[in-house]
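Single-letter residue listing:
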Amino acid sequence: MIRLRRLRRTPALRALVREHQLRKEHLVQPAFVVERSSDAGPIASMPGISRLDVDQAVAEAQALHAIGIPAVLLFGIPARKDATGSANADPNGVVQRTIRGIKQAQPEMLVIADLCNCEYTDHGHCGLLDGRGNVDNDATVSFLSRVAVTYAQSGVDVIAPSDMMDGRVEAIRSALDAHGFTDVAILSYAAKYASAFYGPFREAAESAPAHGDRRSYQMDPPNVREALREIALDIEEGADAVMVKPGLPYLDVLRAARDAFDVPIAVYNVSGEYAMLKAAIAHGWLEERAIDEVLTAFVRAGADIVITYFAKEWATRNR
Ligand code: PBG
């Protein structure tokens with residue numbers, strides 16, 4: 001008689017037949033870096049996560065490296081926002097300085113820079129606006145390509161465009177190559193949905209759109225075939241790796257992408273997913289191991305890279 005319980009009898013037997021295992025080598029910790037030190041401090045809707053100034057971010061990257069987290073994903077919050085997000089292209093901007101600081105202090109630490117304009121514009125949209133208040137695709141693409149070159153000049157390892165404009169991967173690849181940065185990789189936010197789960201991030205980055213929403217550039221949540229088209233296009237345009245975002249509500253998209261493509265796939269366990277678990281655990285409604293279960297689900301669904309605000313605490317707990 002077949003009894004599947006035979007192999008569940010002891011911890012060693014269960015470990016022996018375990019199919020998937022999360023490893024810290026695949027984790028990426030996001031970090032919010034503020035230009036003005038007075039803007040640093042805790043983020044109310046993300047307990048355990050703070051906005052850091054440049055020096056603190058460099059120290060944090062070193063601490064992450066020491067516990068075996070290989071990479072950080074940087075988000076910059078400038079001192080001043082304007083209509084075009086001009087601070088984003090400043091060679092001495094907050095992200096550019098943080099990249100240089102980390103690479104100097106800890107050269108092996110991988111630095112991934114999110115590339116988007118929403119943290120830099122006074123209207124909070126991810127790109128430049130045309131005269132009618134719509135996001136201008138091509139003007140945004142050429143601006144962000146310029147910004148990408150300044151990140152590369154600062155020593156970034158990977159650029160992660162999250163604006164969801166069409167054609168940006170090809171434009172960024174060409175700009176990087178034209179400036180000699182053929183080794184800087186692109187991890188594209190290929191299937192990024194217009195999600196309610198970004199709420200806490202927008203508090204952290206003060207990047208909520210002042211008018212309208214992001215539905216004209218981010219994807220419509222019910223669509224999965226369209227996600228595969230987005231991913232295929234980004235791969236064709238030169239993306240080295242692609243991302244599905246958010247994570248938990250889009251595990252089916254992650255699985256579909258894994259089955260269809262051979263490039264490395266990242267998943268972003270976003271701020272709202274973090275806030276949800278943190279709140280339930282703080283209330284005693286869920287046990288901490290719910291975190292392990294969620295992170296393992298990403299690996300099981302096919303992710304190679306897991307971007308999560310839990311990276312540091314998970315790696316600390318699983319030393
Ligand atoms: C920038 C960007 C966002 C996130 C990552 N990059 C916000 C947004 O699109 O509104 C969200 C990450 C998170 O919620 O943790 N465009």
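All of these numbers come straight from a predicted model, not from anything done at the bench.

### Let's talk about the site of the ligand
Then comes step 1: Near the ligand, the surroundings consist of 19 residues, among which K192, R202, K245, S271 and Y309 are the closest.
Then comes step 2: The side chain of K192 places a nitrogen or oxygen atom 2.8 Å from an oxygen atom of the ligand.
Then comes step 3: One nitrogen or oxygen atom from the side chain of Y309 is found 2.6 Å from an oxygen atom belonging to the ligand.
Then comes step 4: Here the ligand loses 100% of its free accessible area of 400 Å² to cover by the protein chains.
Then comes step 5: When atom positions are compared with the pocket grids, the ligand is found to occupy the largest cavity.
Then comes step 6: Elements supplying a minimum of two residues to the shell around the ligand: β7 (185-192) and α6 (199-205).
Then comes step 7: In the shell around the ligand, the residues fall into eleven nonpolar, three polar and five charged.

### Some details on the environment of P200
Then comes step 1: On the secondary structure map, P200 appears in helix α6.
Then comes step 2: Sequence separation of P200 and M109 is 91 residues, and the distance between their C-alpha atoms is 26 Å.
Then comes step 3: Beyond its immediate sequence surroundings of up to four residues, P200 is in contact with I43, S45, M46, S271, G272 and A275.

So, how was this worked out
Residues numbered from 1 in each chain as written. Predicted model: local features only at pLDDT ≥ 70, side-chain atom pairs only at ≥ 80, totals over all residues. Heavy atoms only, no water. Near = heavy atom within 4 Å. Polar contact = N/O pair within 3.5 Å; in protein donor to acceptor, adjacent residues only side chain to side chain. Areas by Shrake-Rupley, 256 points an atom, 1.4 Å probe, with all protein chains shown as cover. 1 Å grid on protein atoms, 1.4 Å probe; cavity = no way out; pocket = protein on both sides within 12 Å on 5 of 7 lines; lining within 4 Å. Sits in = over half its atoms within 2 Å of the grid points. Helix = DSSP H or I, 4+ residues; strand = E, 2+ residues; numbered from the N terminus. Nonpolar A, V, L, I, M, F, W, Y, C, P; charged D, E, K, R; others polar. Contact = heavy atoms within 4.5 Å.

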